[in-house]
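Working through the structure, step by step
Here's the letter readout for the chains.
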Amino acid sequence: MSTTETPAAEEPRSTRRWLREHSELGVCLLLAVLGALVIADAATINTDFTQRGPIGPKTVPYLVGGLLLVVAALLARDVLRGGRGESESGEDVDLSAPSDWRTVLLLSAAFLANAALIGIIGFPLSGMILFWGCAYALGSRNPVRDPLIAAALSLLTYVAFNHLLGVPLPGGPLMGVL
């Protein structure tokens, strides 16, 4: 084999190395896809009966989608010019410690329980389960204080959205009481 020929096995290795060195491009791709999805979804919004001026219900989704695309392009340019994300260097983060999958799974279970139960038992009760489940997953184990704080947060959130902001949330069995 002459010195000008390169083995075929080296080409995929260099491609893998380039991709590893530019892994932030995956974030750029994710942002670009999200921006395109937001813009495509905004285009389907019906504005016949809701728009009463130059700024309608499509404005904010178009703005957010466009900004996502701009951020994706700027980040891609920075990565391709040699920019790198800074490694985590927080003093309270042990980078050698393994991931805490128990906490991740407990938090996921609390969010999924909220999503599954909100239509059945209403936001005040499902929100209480969400807030208490998150507190439990993150290490709080007070059996009296935690549910009370979760109930207060859930009720305050329900009142703020439902009564002050005018965003209707399902009340469930507590609909007549609240």
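Residues numbered from 1 in each chain as written. Predicted model: local features only at pLDDT ≥ 70, side-chain atom pairs only at ≥ 80, totals over all residues. Heavy atoms only, no water.

What follows concerns the packing of aromatic side chains. Within the structure shown, the criterion is met by one aromatic pair. One residue, Arg141, lies across the ring of Tyr136, its end atom 3.8 Å from the ring centre. (Phe/Tyr/Trp six-rings, centres within 6.5 Å; stacked < 30°, edge-to-face > 60°. Lys NZ or Arg CZ within 6 Å of the ring centre and 35° of its normal.)

A separate point is the packing of helix 5 (residues 123-137) against helix 6 (residues 145-164). The relative placement of two packed helices is expressed as an angle between their axes plus a distance between the axes. Packing of helix 5 against helix 6 brings their axes to within 8 Å, and their N-to-C directions diverge by 135°. Our classification of the angle between helix 5 and helix 6 gives oblique. Crossing of helix 5 over helix 6 shows right-handed handedness. Contacts between helix 5 and helix 6 involve Phe123, Pro124, Gly127, Met128, Phe131 and Trp132 from the first element and Asp146, Pro147, Ala150, Ala151, Leu153, Ser154, Leu155, Thr157 and Tyr158 from the second. Residues belonging to the contact of helix 5 with helix 6 are distributed by class as follows: 11 nonpolar, three polar and one charged. (Axes fitted to C-alpha atoms, helices over the stretch in contact; angles between N-to-C directions. Helix = DSSP H or I, 4+ residues; strand = E, 2+ residues; numbered from the N terminus. Parallel < 35°, antiparallel > 145°, perpendicular 65-115°, else oblique. Left-handed = near helix turned anticlockwise from the far one by under 90°. Contact = heavy atoms within 4.5 Å. Nonpolar A, V, L, I, M, F, W, Y, C, P; charged D, E, K, R; others polar.)

What follows concerns the packing of helix 4 (residues 101-121) against helix 5. Taken N-terminus to C-terminus, the directions of helix 4 and helix 5 make an angle of 175°; their axes are 8 Å apart at the nearest point. The pairing of helix 4 with helix 5 is recorded here as roughly antiparallel in orientation. Of helix 5, the residues touching helix 4 (which contributes Arg102, Thr103, Leu106, Leu107, Ala110, Phe111, Ala113, Asn114, Leu117, Ile118 and Ile121) are Phe123, Leu125, Ser126, Gly127, Ile129, Leu130, Gly133, Cys134, Tyr136 and Ala137. Its residues placed into classes, the contact of helix 4 with helix 5 shows 15 nonpolar, five polar and one charged.

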